[in-house]
Amino acid sequence: MTSMPTASDAPAGIRLAPSVTAAPYDHPDARRLTQALRAEQLGLYGFADDPDTTPEADFDPPHGLFLIAHVGEEAVGCGGVRLLDEHTAEIKRMYVSGEARGHGIGRYLLEHLERHAASRSATRIVLETGRRNTAALTLYHRTGYLSCPSYVAGRDHRVNRAMTKPLGSSSP
């Protein structure tokens, strides 16, 4: 799967033309980007989940999908979705590298992941982000996500923010 966005939330006059491609979770670009995400989380919070502990099979089609966004030949973002049950999907490992932020790439990845979840009959999507990750929180709020109780046991509500969104005919 490769697609080209029209990044409606990109700053005026600056348009990156990313492509989004499905890739295995153990792809070298996926590993590099998810480890960059972990490094940022370590900087913000002093701890972070290790992306290597997520089973690669969680993102295997048809029940999962992992995407990598490229600008030209450079991998600049990633994200995955996996089914938690027959009606609920979870967004995982969303990340856009610093130099590529602000150009609609995160929104574009998110829309693709939501469409995949909806195509697998998910009626609800959940995700988790950190309370200090203001860019992610802004993106998720702007795209219709609402705060919800944590769906992951043992999470600290002072650090983590769980969010949810219904999927349906009005979803991307």
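Residues numbered from 1 in each chain as written. Predicted model: local features only at pLDDT ≥ 70, side-chain atom pairs only at ≥ 80, totals over all residues. Heavy atoms only, no water.

All right, on to the nonpolar core then. Membership of the largest hydrophobic core comes to 27 residues, with the highest contact counts inside it found for Val81, Ile91, Met94, Leu109, Ile125, Tyr140 and Tyr145. Of all the secondary structure elements, the ones that give two or more residues to this core are strand 3 (64-71), strand 4 (74-83), strand 5 (88-96), helix 2 (105-119), strand 6 (124-130) and helix 3 (134-142). Among residues more than four places away in sequence, those in contact with Tyr140 are Met94, Leu110, Leu127, Thr129, Tyr145 and Met163. In this structure, Ala23, Ile68, Ala75 and Cys78 belong to the second largest nonpolar core, which totals 11 residues. (Core = buried A, V, L, I, M, F, W, Y, C linked by side-chain atoms within 4.5 Å. Buried < 20%, exposed > 50% of the residue type's maximum accessible area, 1.4 Å probe, protein only. Helix = DSSP H or I, 4+ residues; strand = E, 2+ residues; numbered from the N terminus. Contact = heavy atoms within 4.5 Å.)

Here we come to the environment of Pro166. With respect to the helices and strands, the residue Pro166 is situated in strand 8 (residues 160-166). The exposed category is assigned to Pro166, whose relative accessible area is 61%. As for Pro166 and Val126, which are separated by 40 residues in sequence, their C-alpha atoms are 8.9 Å apart.

So, on to the pattern of salt bridges. In total, this model carries nine salt bridges according to the counting rule given. The partner of Asp58 in a salt bridge is Arg82, and the shortest N-O contact between them spans 2.2 Å. Highlighted residues: Asp58 in the loop between helix 1 (28-45) and strand 3 and Arg82 in strand 4, separated in sequence by 24 residues. Residue class for Asp58 comes out partly exposed when judged on its relative accessible area of 24%. A salt bridge links Arg155 to Glu128; the nearest nitrogen and oxygen atoms lie 2.8 Å apart. With Arg155 in the loop between strand 7 (146-148) and strand 8 and Glu128 in strand 6, this pair connects stretches of sequence that are 27 residues apart. The exposure class of Glu128 is partly exposed, given its relative accessible area of 22%. Each of Arg31, Asp52 and Glu56 takes part in one network of salt bridges that share partners. (Salt bridge = Lys/Arg side-chain N within 4 Å of Asp/Glu carboxyl O.)

For the rest of this paragraph, the subject is the pairing of strand 3. Burial of strand 3 is extensive: seven of the eight residues sit out of reach of the surface. One ladder, built from five bridges, connects strand 2 (residues 18-22) with strand 3; its direction is antiparallel. Within strand 3, the residue paired with Ala22 across the bridge is Leu67. Here eight bridges tie strand 3 to strand 4, and the two strands are oriented antiparallel to one another. Across the sheet, the residue bridging to Leu67 is Gly79, located in strand 4. Linking strand 3 back to strand 4 in an antiparallel pair, the connection comprises two residues, with Gly72 at a positive phi of about 65°. (Pairing = 2+ DSSP bridges.)

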